[in-house]
Amino acid sequence: MKKRLKKAEVSYLIYTGIPKVLKQKYSNLEFLEDCNGIVIYRLKRMCKNPENQEILNRARSGEIILGIYTSDEACRKFVDNIYRDLVIDQDIPESQIMMIGSCISYKDYIFSVAEKLNRKPIRLEFYDIFEPMTKKLWLQHITGLELEKIKDDLYYPFKSGLNKEKNNKKFIFQNSRWRKHRVSVLCMLHAMGLTEHGYISFSEAPKNAIEKYYNQENSWESTFKGVCDFFQDGELQTILRSGFDVKKELPLILDTTNFHENLTFDSSYRAQLYYFTNSYFSIVTETHYDTGKMNFLTEKTFKSILFKSPFLLVTTPGSLETLKQLGYKTFDGIIDESYDKELDDSKRMLLLGKEIERLCNLNETELQEFKKKCLPIVDYNYDLLMNKHSYNFTLI
């Protein structure tokens, strides 16, 4: 019988690989707190803890490099906090601080903060936890092996759903936490009459009170108000209001009814394999959307790559370019990817909506041509993901 690791076990195994790799690279690297991506939220408090004074003193004297995890999140505030709490308040030299994250966009922001404060840039190591996590959970599903026993060179070939003559649905659109760009896409799909053509998951109520306009008694209405306040374009607002009544169809359920836990490390891949291989493209609503936020690619993007599905990324502009920096190919010329260059959040959403509608309305000849052109790209991306062995490189 196959053993499925619990979420905490998977999280622990992924994170413990980071110190091992980086300590081989930097012999004097020490961590303020091992295997914990949220250390950055309580950095000031931890600096005041007497138990941490020795490691802070060693960093201050230049004896060690102090490593700070941010790998499972991406936020400009993390950089601000490091400069405020470590560089300025603790007087630790920038050269003795190493930020470790899964976000390439940190580089530009670190340089901008350093310039603004007339300071030097701190060190930055890119370490992507989402690629190996996606790959290893897939291989665990296939082999039944415990996660720690899966070798890096293990490869499993399979055919994309694009090889099928006919797909049951046109797209897959998965969601957990309500965010304005996810609500927006759902409303657009409903307004365009496309919800029946997709495998869609969407909860009946917000996961928690993280959204600005969340209201326990009137959650859909208040969240929708927040969506319309953010997306000011008149054409887009008309479309969104036409899709308001999609609330009556919620919840939309695929592989789970559990919308209240973080399923980032969920190892249930059998049902998702069915949905991805029985549709011909995916709509990926990443964590961030607003222009100015970090380009942050998570398991949401890499699952589409894993399951060989062409995708549109509903996220911050420049994210497709970030994906290319990691070695992957996108679908420019097959899918209209001009949205990735659009800085206006409303216009970008409109471009995405129009392209989704176009892809859903391909005639049979156009659809077969679409599949034919996408196949070598999804195969290339899958091979790259499966054959990758290094997820770390130095940015600063």
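Predicted, not measured: the structure shown is a model, and the values here were computed from it.

Criteria and cut-off values
- Residues numbered from 1 in each chain as written.
- Predicted model: local features only at pLDDT ≥ 70, side-chain atom pairs only at ≥ 80, totals over all residues.
- Heavy atoms only, no water.
- Helix = DSSP H or I, 4+ residues; strand = E, 2+ residues; numbered from the N terminus.
- Buried < 20%, exposed > 50% of the residue type's maximum accessible area, 1.4 Å probe, protein only.
- Contact = heavy atoms within 4.5 Å.
- Expected span 1.5 Å × (residues − 1).
- Core = buried A, V, L, I, M, F, W, Y, C linked by side-chain atoms within 4.5 Å.
- Pairing = 2+ DSSP bridges.
- Axes fitted to C-alpha atoms, helices over the stretch in contact; angles between N-to-C directions.
- Parallel < 35°, antiparallel > 145°, perpendicular 65-115°, else oblique.
- Left-handed = near helix turned anticlockwise from the far one by under 90°.
- Phe/Tyr/Trp six-rings, centres within 6.5 Å; stacked < 30°, edge-to-face > 60°.
- Lys NZ or Arg CZ within 6 Å of the ring centre and 35° of its normal.
- Salt bridge = Lys/Arg side-chain N within 4 Å of Asp/Glu carboxyl O.

Undergrad: Looking at this structure, I do not really get the overall build of the protein. What am I missing?
TA: Looking only at helices and strands, one finds 14 helices and nine strands in the protein. Burial status across the protein gives 54% buried among its 396 residues. Sequence-distant contacts in the protein: of pairs separated by 6 or more residues, those separated by 24 or more amount to 78%.

Undergrad: So what exactly am I meant to see when it comes to helix 6 (residues 130–143) here?
TA: Because an α-helix completes one turn every 3.6 residues, residues spaced three or four positions apart along the sequence face the same direction. Counted at 1.5 Å a residue, the expected span for helix 6 with its 14 residues is 20 Å, and the 20 Å between its end C-alpha atoms agrees. Burial runs high along helix 6: 11 of the 14 residues are buried. Taken residue by residue, helix 6 has Phe130, Glu131, Pro132, Met133, Thr134, Lys135, Leu137, Trp138, Leu139, Gln140 and His141 as its buried positions. Positive phi appears at Gly144, one or two residues downstream of helix 6, with a value of about 80°.

Undergrad: Even after reading the chapter, I still don't get the nonpolar core, so can you show me in this structure?
TA: In this structure, Leu86, Tyr106, Phe281 and Phe370 are the most contacted members of the largest nonpolar core, which totals 116 residues. Among the elements that take part in this core, helix 14 (residues 364–387) stands out by supplying nine residues, more than any other.

Undergrad: Even after reading the chapter, I still don't get the sheet that holds strand 1 (residues 29–31), so can you show me in this structure?
TA: Read across the sheet, five strands follow the order 1-2-3-4-9 without closing on themselves; strand pairing throughout is mixed. Both edges of this open sheet fall to strand 1 and strand 9 (392–394), since each of them pairs with a single strand only. The sheet shows a mean angle of 30° between the axes of neighbouring strands, taken without regard to direction. The pairing of strand 3 (residues 97–101) with strand 4 (residues 123–127) spans four bridges and is parallel. Within strand 4, the residue paired with Met99 across the bridge is Leu124.

Undergrad: Explain the packing of helix 9 (residues 234–242) against helix 13 (residues 345–360) to me, please; I cannot follow it from the model alone.
TA: Helices that pack against each other are described as a pair by the angle of their axes relative to one another and the distance between those axes. Following both chains from N to C, one finds helix 9 and helix 13 inclined at 55°, their axes separated by 9 Å at the closest point. Between helix 9 and helix 13, the angle falls in the class oblique. Judged by the twist between their axes, the crossing of helix 9 over helix 13 is left-handed. Residue-level contacts link Glu235, Leu236 and Ile239 of helix 9 to Ser346, Met349, Leu350 and Lys354 of helix 13.

Undergrad: Could you clarify how one ought to interpret the sheet that holds strand 5 (residues 171–173) in this entry?
TA: Two modes of strand pairing occur in sheets, parallel and antiparallel, and in both the strands are linked by backbone hydrogen bonds. On the basis of which strands lie adjacent, the open sheet formed by four strands has the order 6-5-7-8 and parallel pairing. Each end of this open sheet is capped by a strand with a single partner; those strands are strand 6 (198–200) and strand 8 (311–314). Mean inter-strand twist for the sheet, computed between neighbouring axes without regard to direction, equals 15°. For strand 5 and strand 7 (residues 281–285), the ladder comprises two bridges, and the chain directions are parallel. Following the sheet pairing, Phe171 is matched in strand 7 by Phe281.

Undergrad: I would appreciate a short explanation of the packing of aromatic side chains in the present structure.
TA: What characterises a pair of aromatic rings is the spacing of the ring centres plus the angle enclosed by the ring planes. Scanning all chains against the criterion turns up 23 aromatic pairs. With a centroid separation of 6.3 Å and 40° between ring planes, the pair formed by Trp178 and Phe202 is classed as tilted. Linking Trp178 in the loop between strand 5 and helix 7 (180–191) with Phe202 in the loop between strand 6 and helix 8 (219–230), this pair joins segments that are 24 residues apart in sequence. With centroids separated by 5.4 Å and ring planes inclined at 85°, the aromatic side chains of Trp178 and Trp220 adopt a geometry described as edge-to-face. Pair noted here: Trp178 is in the loop between strand 5 and helix 7 and Trp220 is in helix 8, with a separation of 42 residues, a long-range link. Side by side, Trp178 and Trp220 carry an identical accessibility label, which is buried. The cationic tip of Lys308 hangs over the ring face of Phe158; the distance from NZ or CZ to the ring centre is 5.1 Å.

Undergrad: Explain the pattern of salt bridges here, please?
TA: When the charged atoms of two side chains lie near each other, side chains of opposite charge can form a pair. Summed over all chains, the structure comprises 15 salt bridges. Where Glu131 meets Lys388, a salt bridge forms, and the shortest distance between an N and an O atom there is 2.8 Å. Of the two residues, Glu131 is situated in helix 6 and Lys388 in the loop between helix 14 and strand 9; the sequence distance between them amounts to 257 residues. Take Glu131 and Lys388: they sit in the same class, and that class is buried. In this structure, the salt-bridge partner of Glu321 is Lys324, at a minimum N-O distance of 3.2 Å. A residue pair is termed a helical-turn pair when its members lie 3 or 4 positions apart in one helix, as Glu321 and Lys324 do in helix 12 (residues 319–325) at three residues. Using a relative accessible area of 37% as the deciding quantity, one classes Glu321 as partly exposed.

Undergrad: Whenever I open this one, helix 8 confuses me. Can you help?
TA: End to end, helix 8 covers 16 Å across 12 residues, agreeing with the expected 16 Å (1.5 Å per residue, within 8%). Taken together, the buried positions of helix 8 are occupied by Ser219, Trp220, Ser222, Thr223, Phe224, Gly226, Val227 and Cys228. Where helix 8 is buried, its residues touch helix 7 and helix 9.

Undergrad: Would you mind going over the pairing of strand 4 with me for this structure?
TA: Side-chain positions along a regular strand alternate between the two faces of the sheet. With four of five residues buried, strand 4 is to be regarded as a mostly interior element. Taken together, the three bridges between strand 4 and strand 9 define a ladder with antiparallel strand orientation. Within strand 9, the position partnered with Phe126 by the bridge is Phe393.

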